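Okay, here's what each chain looks like letter by letter:
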Amino acid sequence: MSWQIPLFDPDFDEREEEAVASVIRSKWLTMGERTSRFEARFAEFCGSRHALAVSNCTAALHLALMALGIGPGDEVIVPALTFVATANAVRYCGATPVFADVSSLDEWNLSAASIEPLLTDHSRAIIVVHYAGYPCDMPGITALARQRGIPVVEDVAHAPGASLEGRAMGAWGDVGCFSFFSNKNMTTGEGGMVTTDRDDLAELLRRTRSHGMTTLTLERHKGHAFSYDVVELGYNYRMSELNAALGLCQLERLPESNRRRAAHVARYRELLCAIPGLQVPFSRSRGEPAFHIMPVLLPTGANRVAIMQAMKEAGVQTSIHYRPVDSFSAYVAAGLGPSPHVPLTHDIGARTLTLPLFPSMNDAQVEHVCASLSLALSAQN
Ligand SMILES: Cc1ncc(COP(=O)(O)O)c(C=O)c1O
């Protein structure tokens, strides 16, 4: 299907092409000097002491929870309004995800108030997601976590480049986990990054992303080491040099890409507020968002599938972010859903619709999306 206006469209040019070609010419394809450079620039960009490149954000979340010692019998607070990977990572560790609700129908993020009633003696961590790129109330959430003596993991998949009070998202919690999947604000195809200020966690994360080994292939290639030990159970969650080369280019573009996203969202908001019954969340966002996706809340009773079909006929791709994680069959079968604690998330899950958003969009495209949505909705009245 070739969409007139796709949901997302990555921003690449000859810089990315040349970067990938130069990796191939170099003949060094796995975690090497480009990966180290990407990590150093990313750490600087986030203001974190450490940044470790990994194969994707799911791996980043898994490593983060393992490094924090999460295991069977432990509970980890997670949003239900997220991609399933956030909660799956908790289950990989044998721990139990406990679903917390969004703050309100306007703020689709967890808050200290939505987390606090769910904390028990078994709570061992909180994972927050900066949904759609809008920063969570990190001062409130980290204060609550400190008071209870538990760590905070930030799932920053939607929010690279977002900040609050001058501090980057991903640098507020104990660990930040980023995604560079194809639809993200910066992409390497598949890829991720873990950020932390804690030296103890960084050391563990560095080893467990590569089988628990004490030296790397690159170090042995350079003659800096001849052998290695395996000192804990690790994984192969490494990043390739091809991905890192793309990441270096994409990181450079990110501030400008995010500025363009912000301008499109501002225009969307102007146009969408004229559509009766439609709500656009995050009317009072905090900090500097990264504007990853453009969600709206349809009026109660609207036929979402019919709207998506009508917009498809107008050449506009739409999506749903997200079906609440606790409603998936695998979660219900495991006794982890449906959760009675997330009524707002269930309402949002039934009514949300995601509109196209990408840096190279133009005003006419934003106008066409809004006109097609308006038409589809008025056809139902
Ligand atoms: C909120 C959130 N968390 C985690 C992930 C998983 O990222 P990855 O595909 O890099 O594993 C995604 C990806 O879509 C996401 O949106």
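1. Here we look at the overall build of the protein
Okay, so step 1: Helix and strand counts for the protein stand at 13 helices and 11 strands.
Okay, so step 2: Since a compact globule built from 381 residues should have a radius of gyration of about 21 Å, the 21 Å found for the protein is in line with a globular shape.
Okay, so step 3: When the backbone C-alpha atoms are referred to their principal axes, the protein occupies close to 70 × 55 × 40 Å.
Okay, so step 4: The burial tally for the protein puts 49% of its 381 residues in the buried class.
Okay, so step 5: Sequence separation of 24 or more characterises 73% of the internal contacts of the protein that already satisfy a separation of 6 or more.

2. Topic: the packing of helix H1 (residues 14-26) against helix H9 (residues 241-272)
Okay, so step 1: Between H1 and H9, the least distance of the axes is 9 Å, while the angle of their chain directions is 150°. In this view, H1 runs roughly antiparallel relative to H9, as classed from their interaxial angle. Between H1 and H9 lies a crossing whose hand is right-handed. Listed contacts from H9 to Arg15, Glu16, Ala19, Val20, Ser22 and Val23 of H1 are Glu241, Leu242, Ala245, Leu246, Leu248 and Cys249.

3. Some words on the packing of H9 against helix H13 (residues 363-378)
Okay, so step 1: Viewed as axis vectors pointing N to C, H9 and H13 meet at an angle of 35°, and their least axial separation amounts to 10 Å. Remark: the crossing between H9 and H13 carries right-handed chirality. Residues His264, Arg267, Tyr268, Leu271 and Leu272 of H9 lie in contact with H13, whose contacting residues are Asp363, Val366, Glu367 and Cys370.
Okay, so step 2: Here the contact of H9 with H13 is composed, by residue class, of five nonpolar, one polar and three charged.

4. Observations regarding the domain arrangement of the protein
Okay, so step 1: What the domain assignment lists for the protein is domain 1 (14-251) and domain 2 (254-378).
Okay, so step 2: Taking only C-alpha atoms, the centre of domain 1 and the centre of domain 2 are 25 Å apart.
Okay, so step 3: Facing the 34 residues of domain 1 at the interface are 34 residues of domain 2.
Okay, so step 4: Going through the elements one at a time, helix H4 (84-92), strand S3 (96-100), strand S6 (163-164) and H9 are the ones with two or more residues in the side of domain 1 that touches domain 2.
Okay, so step 5: When residues in the side of domain 1 that touches domain 2 are grouped by element, the largest group, three residues, is from S3.

5. Let's talk about the site of the ligand
Okay, so step 1: In the region of the ligand, 14 residues are neighbours, and Asn56, Cys57, Thr58, Ala157 and Ser179 sit closest.
Okay, so step 2: Looking at the shell around the ligand, the elements with two or more residues in it are helix H3 (57-67) and H4.

6. Quick word on unusual backbone geometry
Okay, so step 1: Here His321 and Tyr322 are connected by a cis peptide whose omega angle stands at 10°.
Okay, so step 2: Tracing the chain through its elements places Tyr322 in the loop between helix H10 (304-313) and helix H11 (329-333).
Okay, so step 3: Omega for the peptide link from Gly337 to Pro338 comes to -5°, which places this bond in the cis form.
Okay, so step 4: With respect to the helices and strands, Pro338 occurs in the loop between H11 and helix H12 (343-351).
Okay, so step 5: Even without being glycine, Glu165 reaches a positive phi, approximately 50°.
Okay, so step 6: Within the element layout of this structure, Glu165 appears in the loop between S6 and strand S7 (167-168).
Okay, so step 7: Its identity is not glycine, yet Phe291 carries a phi of approximately 50°, on the positive side.
Okay, so step 8: Here Phe291 shows up in the loop between H9 and strand S10 (294-297).
Okay, so step 9: What makes Phe291 buried here is the crowd of 29 C-beta atoms within 10 Å.

7. Let's talk about the environment of Pro324
Okay, so step 1: Of note, Pro324 is situated in the loop between H10 and H11.
Okay, so step 2: Its 23 C-beta neighbours within 10 Å are what place Pro324 among the buried residues.
Okay, so step 3: For the pair Pro324 and Ile348, spaced 24 residues apart in sequence, the C-alpha to C-alpha distance is 8.6 Å.

8. Details of the environment of Pro139
Okay, so step 1: Relative to the helices and strands, Pro139 resides in helix H6 (residues 138-148).
Okay, so step 2: A count of 14 C-beta atoms within 10 Å places Pro139 in the partly exposed class.

9. So, the sheet that holds strand S2 (residues 75-79)
Okay, so step 1: Spatial strand order, S1-S9-S8-S5-S4-S2-S3: seven strands in an open sheet with mixed pairing. The two strands at the open ends of the sheet, each matched to only one other strand, are strand S1 (50-54) and S3. Adjacent strand axes in the sheet meet at a mean angle of 20°, parallel and antiparallel pairs treated alike.
Okay, so step 2: Bridge count for strand S4 (residues 123-129) against strand S5 (residues 152-155) is four bridges, and the pairing is parallel. Each residue of the ladder has a partner; that of Val128, found in S5, is Glu154.
Okay, so step 3: The strands touched by helix H2 (residues 33-46) within the sheet are S1, strand S8 (175-179) and strand S9 (192-196), with S1 carrying the most contacts at an inclination of about 135°.
Okay, so step 4: Those strands touched by helix H7 (residues 199-208) are S1, S8 and S9, and its axis lies near 15° from that of S1.

10. Some details on the pairing of S5
Every regular strand shows the same layout, with side chains that alternate between the two sheet faces.
Okay, so step 1: Alternating residues of S5 divide into Val152 and Glu154 and Val153 and Asp155, and every residue in both groups is buried.
Okay, so step 2: As a crossover connection, the stretch from S4 through H6 into S5 is right-handed.
Okay, so step 3: As judged from the three bridges shared by S5 and S8, these two strands associate in the parallel manner. Its bridge partner lying in S8, Asp155 is registered against Cys177.

Reading the values: the criteria
- Residues numbered from 1 in each chain as written.
- Predicted model: local features only at pLDDT ≥ 70, side-chain atom pairs only at ≥ 80, totals over all residues.
- Helix = DSSP H or I, 4+ residues; strand = E, 2+ residues; numbered from the N terminus.
- Rg over C-alpha atoms; globule rule 2.2 N^0.38 Å.
- Buried ≥ 20, exposed ≤ 12 C-beta atoms within 10 Å, placed from the backbone.
- Contact = placed C-beta atoms within 7 Å.
- Axes fitted to C-alpha atoms, helices over the stretch in contact; angles between N-to-C directions.
- Parallel < 35°, antiparallel > 145°, perpendicular 65-115°, else oblique.
- Left-handed = near helix turned anticlockwise from the far one by under 90°.
- Nonpolar A, V, L, I, M, F, W, Y, C, P; charged D, E, K, R; others polar.
- Domains from an automatic or database assignment.
- Near = placed C-beta within 6 Å.
- Pairing = 2+ DSSP bridges.
- Right-handed = clockwise from strand over helix to strand, strands pointing away.

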